[in-house]
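Structure at a glance
The chain contents come next:
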Amino acid sequence: MFLNHTITAFSSGIASLIAPLPLLATVDSENSPIVLSGVLLSLVVIYLASKLGAEVARNLDFPPVLGELVAGVIVGVSALHLIVFPEAGLSASNSGIMTVLQSINHLSPAALTSVFESQSEVISVLAELGVIILLFEIGLESDLRQLKAVGIQATVVACVGVAVPFIAGTAGLMIIFHTAAIPAIFAGAALTATSIGITSKVLSELGRLQSKEGQIIVGAAVIDDVLGIIVLAVVASLAKTGEIDVVNVIYLIVGATAFLLGSILLGSIFNKIFTAAVETLKTRGNIVIPAFIFAFFMAFLGNAIHLEAILGAFAAGLVLDESDARNELDELVKPIADLFVPIFFVTVGARADLGVLNPTVPENRAGLLIAVFLIVVAILGKLVTGWAVFGQPGINRWAIGVGMIPRGEVGLVFAAIGSASGVLDKPLEVSIIIMVILTTFVAPPFLRIAFGDTIEPPASGEPSSDKTAISG
């Protein structure tokens, strides 16, 4: 069945995009309307939670994406049990949505279980589409011309910011906490991310986006995204086999790098085809539909060559960012991302069982120690990047280090894929999510402190924060 194949693939990374069968094919036709009711009610809960959470976070001067994540925690397994998933070991009786459907339809236990599983699979597929669209949007937000301008300084900062937390996190988990190799590598990989959306938004608000420090931070964050996606492609693919094969690792690194660089180098050809399609088509959607055809095809291609669909989507975004229709495409993608990406963030929060960090339960205390360890490595591993800058006397090294700290949406992608693949146990999964939340929360106020007084942004010549900040 399509859904079974889809969820199986998702549990090993990002699922295949090839599937002609309807999403409700796994249930009896008489129950399909009930599954649809469950999906619609789930979407109502998800959208309400995401919007309320985002608004609260914005009013508190935090990134809206964190509000969506926390809202997901509230409606999920940790609190209200409205959005829950069977892979967490829960049954239909644990779902508030299923309780409502049962009171309306009076289903048998077997039918209710079938509806619950199918409804959860549909939401998982929608969340999967959300993360693919998110990475496509991140690619569109990553300006290759800006990356080239900052040059070697940003590259050094990015490499240090990836290598130090990855090595320290992976080695620490294996040596101190005796974590198995692949879960430790996954957690170490999650520590490598830097959120360009959150960082660039704060820099813009401080009027520091065009400063030397700001350019290095944003450029390094862009390179971090590229390196992070390659690392994610490698570790997610490793999770499929359950073992570390050196030859396979080399193939994945070379393959991911060649795929990404090849896509960029061939970007002019892709852009000519895209521009020709946009000029030829006269009906509504003449820009956004060709863009998503390209994005989904690249995602399929990345998946087909045993990398990851998200790598293809990210490459597609980088390529189309150079097109003549870039600015219009940015605006057209935003409402689509607004529709699908919150499903991803809310479901990430909903899957996180914060109960495993309850210190009153003895077996949870190891998870708390892991969370503290990851947070320390996450902060120190990025702070050191400021001292990787050379040949720049008087530069604010603290600001550069602090600006690299927030993990944001990219860190959540790592956590979600590691969780769905079954590689991460609950304590480690929740520890990663707490690390992402804390680093993203603390970075904006500390970045303000590191820079000191706010400078009024110039009236013109500064990139819009809407361009660089990912909508949450």
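On a predicted model such as this, the values are computed, not experimentally measured, just so you know.

**Here's the deal with helix α3 (residues 64-75)**
Side chains three or four residues apart in an α-helix point the same way, a direct result of the helix having 3.6 residues per turn. With 12 residues, α3 should cover 16 Å at 1.5 Å per step; its first-to-last C-alpha distance of 17 Å lies within 8% of that length. Burial runs high along α3: nine of the 12 residues are buried. Those residues of α3 not exposed but buried are Val 65, Leu 66, Gly 67, Glu 68, Leu 69, Ala 71, Gly 72, Val 73 and Val 75.

**What to know about a nonpolar patch on the surface**
On the surface, Val 44, Leu 48 and Leu 52 cluster together into a nonpolar patch covering about 300 Å² of accessible area. Its place among the elements puts Val 44 in helix α2 (residues 32-59). On the basis of relative accessible area, Val 44 is assigned to the partly exposed category, the value being 45%.

**Quick look at the pattern of salt bridges**
Following the criterion strictly, the structure yields one salt bridge and no others. Of the charged contacts in the structure, one is a salt bridge between Lys 334 and Glu 331, with a shortest N-O distance of 3.3 Å. A residue pair is termed a helical-turn pair when its members lie 3 or 4 positions apart in one helix, as Lys 334 and Glu 331 do in helix α14 (residues 326-351) at three residues. By relative accessible area, Lys 334 is classed as buried at 17%.

**Considerations on the nonpolar core**
Ranked by internal contacts, the top residues of the largest apolar core, which has 86 residues, are Leu 135, Phe 136, Phe 186, Leu 374, Val 413, Ile 432 and Met 435. Looking at this core element by element, the count peaks at 10 residues for helix α13 (residues 309-320). Beyond its immediate chain neighbours, meaning those up to four positions away, Phe 136 contacts Ala 291, Phe 292, Ala 295, Ala 313, Phe 314, Ala 316, Gly 317, Leu 320 and Val 333. Ala 49, Val 75, Phe 116 and Val 122 belong to the second largest nonpolar core, which has 30 residues in total.

**Digging into the packing of α2 against α14**
In contact at an axis separation of 9 Å, α2 and α14 are set at 90° when each is read in the N-to-C sense. By the angle between their directions, the pair α2 and α14 is classed as roughly perpendicular. Residues Leu 43, Ile 46, Tyr 47 and Ser 50 of α2 touch α14, and the partners they reach there are Leu 339, Pro 342, Ile 343, Val 346 and Thr 347. A per-class count over the contact of α2 with α14 returns seven nonpolar, two polar and no charged.

**Some remarks on helix α7 (residues 181-190)**
Burial runs high along α7: nine of the 10 residues are buried. By the burial criterion, the buried members of α7 are Ile 182, Pro 183, Ala 184, Ile 185, Phe 186, Ala 187, Gly 188, Ala 189 and Ala 190.

**Details of the packing of aromatic side chains**
A full pass over the atoms with the stated rule returns seven aromatic pairs. Considering the side-chain rings of Phe 297 and Phe 300, the 6.1 Å spacing of their centres and the 45° angle between planes classify their relative orientation as tilted. Here Phe 297 and its partner Phe 300 are both found in helix α12 (residues 288-304), three residues apart, which amounts to about one turn of the helix. Residue Phe 297 is classed as partly exposed on the basis of its relative accessible area of 47%. Relative accessible area serves as the criterion here: at 30%, Phe 300 is assigned to the partly exposed category. Through pairs of rings, three or more aromatic residues link up here, namely Phe 136, Phe 292 and Phe 296. Residue placement shows Arg 351 over the ring face of Phe 85; its charged tip is 3.9 Å from the ring centre.

**Brief notes about the packing of α2 against helix α5 (residues 109-141)**
Between α2 and α5, the shortest axis-to-axis distance is 9 Å and the interhelical angle comes to 50°. Between α2 and α5, the crossing angle belongs to the class labelled oblique. Read as a crossing pair, α2 and α5 show a hand that is right-handed. Contact residues: Ile 34, Val 35, Gly 38, Val 39, Ser 42, Leu 43 and Ile 46 in α2; Val 115, Ser 118, Gln 119, Val 122, Ile 123 and Leu 126 in α5. Across the contact of α2 with α5, the residue classes tally to nine nonpolar, four polar and no charged.

The rules we used
- Residues numbered from 1 in each chain as written.
- Predicted model: local features only at pLDDT ≥ 70, side-chain atom pairs only at ≥ 80, totals over all residues.
- Heavy atoms only, no water.
- Helix = DSSP H or I, 4+ residues; strand = E, 2+ residues; numbered from the N terminus.
- Expected span 1.5 Å × (residues − 1).
- Buried < 20%, exposed > 50% of the residue type's maximum accessible area, 1.4 Å probe, protein only.
- Patch = residues over 30% accessible without salt bridge, like charges linked within 9 Å, V, L, I, M, F, W, Y side chains within 5 Å.
- Areas by Shrake-Rupley, 256 points an atom, 1.4 Å probe, with all protein chains shown as cover.
- Salt bridge = Lys/Arg side-chain N within 4 Å of Asp/Glu carboxyl O.
- Core = buried A, V, L, I, M, F, W, Y, C linked by side-chain atoms within 4.5 Å.
- Contact = heavy atoms within 4.5 Å.
- Axes fitted to C-alpha atoms, helices over the stretch in contact; angles between N-to-C directions.
- Parallel < 35°, antiparallel > 145°, perpendicular 65-115°, else oblique.
- Nonpolar A, V, L, I, M, F, W, Y, C, P; charged D, E, K, R; others polar.
- Phe/Tyr/Trp six-rings, centres within 6.5 Å; stacked < 30°, edge-to-face > 60°.
- Lys NZ or Arg CZ within 6 Å of the ring centre and 35° of its normal.
- Left-handed = near helix turned anticlockwise from the far one by under 90°.

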